[in-house]
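Examination of the molecular architecture
Chain by chain, the residues run as shown.
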Amino acid sequence: MKSTPLVTGKSAALLLAVCAAISSTVDRTALAATVRVAAKDSSAASKAAADFVADGTGDQEQVMAAIRALPEAGGTVLLLEGTYDIRRVDGTLGGVTIDRSRVVLAGQGAATVLRLAAEQNTNVVRIIGSGVGDITIRDLTVDANRDQNAAGTGDPNISHDRFEFCGIKAFRQAPRGPTAPVDTHDVTVRNCAVKNVHRLNIMLEGPNMRVLDNVLGNAGSDSVEILTGPGIIRGNYVRITGRTHVAIGSDRGNSIIMVGNIVDVRKKGDWDIGFRSWADSQRHVISNNILTVAPDARCGLAMDVRGNGAAVTGNTIQGADSGKRIGLKVEGTGTIISGNFLQHVEICVPATSVKRTPVVIGQNVMENSTMVHIEDTSPP
């Protein structure tokens, strides 16, 4: 058998030169599964390793350039340590706009901060586009700088228009069009801190939305909300120290699980609802959550269970004032409330018609808690 001779001498040198020439014509970021971005205040070593380096003003430009540089199959944009200055991009609803599928936007934990600059009044991160999905936002901090971004109102008569001032939002289109027929889908927000938001910390609409293991702060509207469903809100810590409408909830969403979350209403907390399922929604599980309320917080409802076929089990709800119970309101039917520890709580249940599926309440530990019937205004 003949052996293949090695390439040596001038032939080897020529081959190496050709390979180098080919390599120099290829954009390495276009082939990379991971594209790195450094902030203006990242370390020198991080900047040297980065594919894009932000200049500290309008850093969403470098972040979005990195997203565009990912291969068609998708990949990860890795934001190295530092603070990224995020500003409104004309003609969009961000901020950082993700309008393609199969993207992971990842940081270095608390060391990576996306901070909305003053008077931008927009979403910090906006996921948009017909059928856009398989998106993960993880391991970073989103600071929406609410004190300097409180001017966004929107038209209350146009769906979503007044909710385009979020920390992280996913919805298939702009509120005023053009129409995008297919929902955003399979979006995960994990291990992030989202705070100081004008409207919602996290708002995700579409199937298979997941909000997992985040630390969430005050919000002018909801701290986290999933629409459409199915979806999971699990393992989050919501710390309320100021005005917040709903801590954890759904809106027009079915088959949604809210499990293992902690809602901590602290001193000067001003809140309306701890956990909420939307009217006429179906199949919610609200389980193994903890809600605690400080003595001087303004109390709302611990839960507002408006949907049908809900299981409310294994929760611990502790109001602070023995003289003023907080409400657990059940407006839907086919709901079971069982195995909960309720302190200073009043369960409010409609006087259900025999033509409707009943509400079952049993085997709860009720300390200074009671149950009352309320007027049932829904049709039989």
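Everything that follows concerns the structure shown earlier in this document.
Because the structure is predicted, anything quoted here is derived from the model rather than measured. (Residues numbered from 1 in each chain as written. Predicted model: local features only at pLDDT ≥ 70, side-chain atom pairs only at ≥ 80, totals over all residues. Heavy atoms only, no water.)

Details of unusual backbone geometry
- A cis amide bond links Gly94 to the next residue, Gly95, at an omega of 15°.
- If you trace the backbone, Gly95 turns up in strand 5 (residues 94-98).
- The omega torsion of the bond from Gly177 to Pro178 falls at 0°, within 30 degrees of zero and hence cis.
- The backbone phi angle of His160 is positive, close to 80°, even though this residue is not glycine.
- Position of His160 relative to the elements: it lies in the loop between strand 10 (141-143) and strand 11 (168-170).
- By relative accessible area, which is 5% here, His160 ends up buried. (Helix = DSSP H or I, 4+ residues; strand = E, 2+ residues; numbered from the N terminus. Buried < 20%, exposed > 50% of the residue type's maximum accessible area, 1.4 Å probe, protein only.)

Digging into the sheet that holds strand 26 (residues 301-305)
- On the basis of which strands lie adjacent, the open sheet formed by eleven strands has the order 5-8-11-14-17-20-23-26-29-32-35 and parallel pairing. Only two strands of the sheet have a single partner each, and these edge strands are strand 5 and strand 35 (370-374). The average angle at which neighbouring strand axes cross in this sheet is 15°, direction not considered.
- Note: strand 8 (residues 123-127) against strand 11, three bridges, orientation parallel. Paired with Arg126 across the bridge in strand 11 is Lys169. (Pairing = 2+ DSSP bridges. Axes fitted to C-alpha atoms, helices over the stretch in contact; angles between N-to-C directions.)

A look at the pairing of strand 32 (residues 345-350)
- With five of its six residues buried, strand 32 lies for the most part within the structure.
- Alignment of strand 32 against strand 35, held across five bridges, turns out to be parallel. Within the sheet, the bridge partner assigned to Pro350 lies in strand 35 and is Ile374.

Honestly, it's all geometry; don't read function into it.
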